Every structure is written in structure tokens, then in C-alpha cells.
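Inside the fold
Listed below are the residues making up each chain.
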Amino acid sequence: MTLRERVNAALKQAMKDKAGARLATLRLINAAIKDQDIAARSGDDQEGVGEAEILAILGKMTKQRQESVRAYEEGGRLDLAEREREEIAIIAEFLPKQLDEEEVEAAIETAIAETGASSIRDMGKIMGALKAKYTGQMDFGAVGPVIKARLS
């Protein structure tokens, strides 16, 4: 079952269960995917976005909500922060398991070895290799500084 099918099945189940908050979040996910489908279409190409792009969309949605949680907590709006956390949990159901620190370190070492990277100029190659294999499984914003430290 593809990721798109899993989201649609969960959406239908949420409708049957009358789970309002879950349904709203799943509709947001579906809308974001459809927006990217429309943007990806060009002329004869009627294909939508693939699994990797959907994972990127879900990762972006998660990151946006984490930033909102921080902002709401700083503003003293704990009720809104909790709602954002609930949305993060629902989105996370569709993301692959996040790699722990040791697994991220091992993935970086493997990517450096595979690309033959030797200097900071090769950082793009390493990031490309990691994104190809681990989209949705690691925070690439946090990985960048680790790669820089290794190559320096």
C-alpha cells in the first residue's frame, strides 16, 4: 500500500469514526499532497508526486508544527501547542521510523565513503546521497552541521 493510499484509508476511517481532529489533520495532509500534484503536472505529464516527495511534504508539515509549538509555548498558549502536538503525532504515523543518533552517524560515514568526499565542497554530494536514501528518516537541518564538522 502506497503512502498516498494509506493517507486516504486513514481519512476514510476517521470519517467513519467521526474523529474530528484526526480528520482535519488528514485532510490537511491530503490537500498538501494534491497541491504538490497540481504543481508537478506539466503538459503531457499527468503523474502526481512520488513517495519521496510525499515524505518530504510530511517532513515539512511536521517541522512547521514543531515551530508552531515553540511559538505557542513562548506565548503562553499551551492549548494551541497541545493541538499542534496532536497533529504532529498524526503526521508521524505516515513517516518512516526516525533514525537514532548512532544510525545517523553511521549513515553520514557511509555517505562520505560512497561519495569520496574530502572537503566541505563535497557537502552537497553527501546531502544528496543522504536525501536519496533517508528522506523522512532524519532531520537534514541537524545533519548539516555534523557533516561540516566531519569534513573540516
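Notes on the structure follow. (Residues numbered from 1 in each chain as written. Predicted model: local features only at pLDDT ≥ 70, side-chain atom pairs only at ≥ 80, totals over all residues. Heavy atoms only, no water.)

**Notes on helix H7 (residues 140-151)**
The test is simple: The numbering of helices and of strands both runs from the N terminus, where a helix is a DSSP run of H or I of at least 4 residues and a strand a run of E of at least 2. Residue count minus one, scaled by 1.5 Å, sets the expected span of a helix. Exposure categories follow from relative accessible area, calculated using a 1.4 Å probe and restricted to protein chains: below 20% of the type maximum is buried, above 50% is exposed, and the middle band is partly exposed. Here, the arc refers to the directions that run from the helix axis to the C-beta atoms. Here, two residues are considered to be in contact whenever any of their heavy atoms come within 4.5 Å of each other.
If you check H7, its first and last C-alpha atoms are 16 Å apart, about what twelve residues at 1.5 Å a residue would give, namely 16 Å. Inspection of H7 places Phe140, Val143, Gly144, Ile147 and Leu151 among the buried residues, and these make up the whole buried set. The buried residues of H7 occupy an angular sector of 110° when the element is viewed end-on, so they sit on one face. Residues of H7 that are exposed and angled more than 90 degrees away from the buried face: Gly141, Pro145 and Ala149. Where H7 is buried, its residues meet helix H5 (101-115) and helix H6 (123-134).

**A word on the nonpolar core**
Defined as follows: For our purposes a nonpolar core is just a set of buried Ala, Val, Leu, Ile, Met, Phe, Trp, Tyr and Cys residues, chained together by side-chain atoms within 4.5 Å.
Core analysis: the biggest nonpolar cluster contains 20 residues, and Leu26, Ile29, Leu58, Met61 and Phe94 have the highest contact counts within it. Residue assignment for this core shows that the elements contributing at least two residues are helix H1 (3-17), helix H2 (20-40), helix H3 (51-74) and helix H4 (78-92). Leu58 has contacts with Leu3, Ile29, Ile91, Phe94 and Leu95, leaving out every residue within four places of it along the chain. Grouped together as the second largest cluster of nonpolar side chains are 16 residues, Ala107, Ile112, Ile126 and Leu130 included.

**A few points about unusual backbone geometry**
Not every positive phi belongs to a glycine, and Lys18 is a case in point at roughly 55°. Within the secondary structure, Lys18 sits in the loop between H1 and H2.

**Looking at the layout of surface pockets**
Any space left empty among the atoms is revealed by the rolling of a water-sized probe across them. Put simply, the rule reads: Whether a set of points on the 1 Å grid over the protein atoms alone is a cavity depends on a 1.4 Å probe fitting there but being unable to get out, while an open set qualifies as a pocket with protein on both sides within 12 Å along at least five of seven lines; lining residues are those with an atom within 4 Å of a point. Grid points are joined across faces, edges and corners, and a volume is the space filled by probe spheres set on the points. Throughout, the ten residues Ala, Val, Leu, Ile, Met, Phe, Trp, Tyr, Cys and Pro are labelled nonpolar, Asp, Glu, Lys and Arg are labelled charged, and all others, Gly among them, are labelled polar.
Taken as a whole, the largest pocket encloses approximately 460 Å³ of empty space. For the largest pocket, the lining is made up of 17 residues, of which Gly59, Lys63, Met138, Asp139 and Phe140 are closest to its centre. Of all the elements in the fold, those that place two or more residues in the lining of the largest pocket are H3 and H7. With eight residues, H3 is the largest single contributor of residues to the lining of the largest pocket. Grouping the amino acids of the lining of the largest pocket by side-chain chemistry returns five nonpolar, seven polar and five charged.

**Examining the packing of H2 against H4**
Inclusion rule: Axis angles are defined between N-to-C directions and span 0 to 180 degrees, where every axis is a line fitted to C-alpha atoms and, for a helix, only to the segment in contact. Just so you know how the angles are binned, under 35 degrees is roughly parallel, over 145 roughly antiparallel, 65 to 115 roughly perpendicular, and the rest oblique. Each helix crossing is assigned a hand: it is left-handed if the near helix lies turned anticlockwise from the far helix by less than a right angle, otherwise right-handed if that turn is clockwise.
It is at 10 Å that the axes of H2 and H4 come closest, and there the two elements cross at 60°. One finds that H2 runs oblique with respect to H4. In the crossing of H2 with H4, the sense of the turn from one axis to the other is right-handed. Each of Ala21, Arg22, Thr25, Leu26, Leu28 and Ile29 in H2 lies in contact with H4, whose residues at this interface are Glu87, Ile90 and Ile91. Here the residues of the contact of H2 with H4 are counted per class, giving six nonpolar, one polar and two charged.

**Some thoughts on the pattern of salt bridges**
Operational definition: Criterion for a salt bridge: a side-chain nitrogen of Lys or Arg within 4 Å of a carboxyl oxygen of Asp or Glu.
Counting across every chain of the model gives eleven salt bridges. A salt bridge links Asp79 to Arg77, with the nearest nitrogen and oxygen atoms 3.4 Å apart. Using a relative accessible area of 41% as the deciding quantity, one classes Arg77 as partly exposed. Between Glu114 and Lys133 there is a salt bridge; the shortest N-O distance is 2.9 Å. On the criterion of sequence distance, the pair formed by Glu114 in helix H5 and Lys133 in helix H6 is long-range, its members being 19 residues apart.

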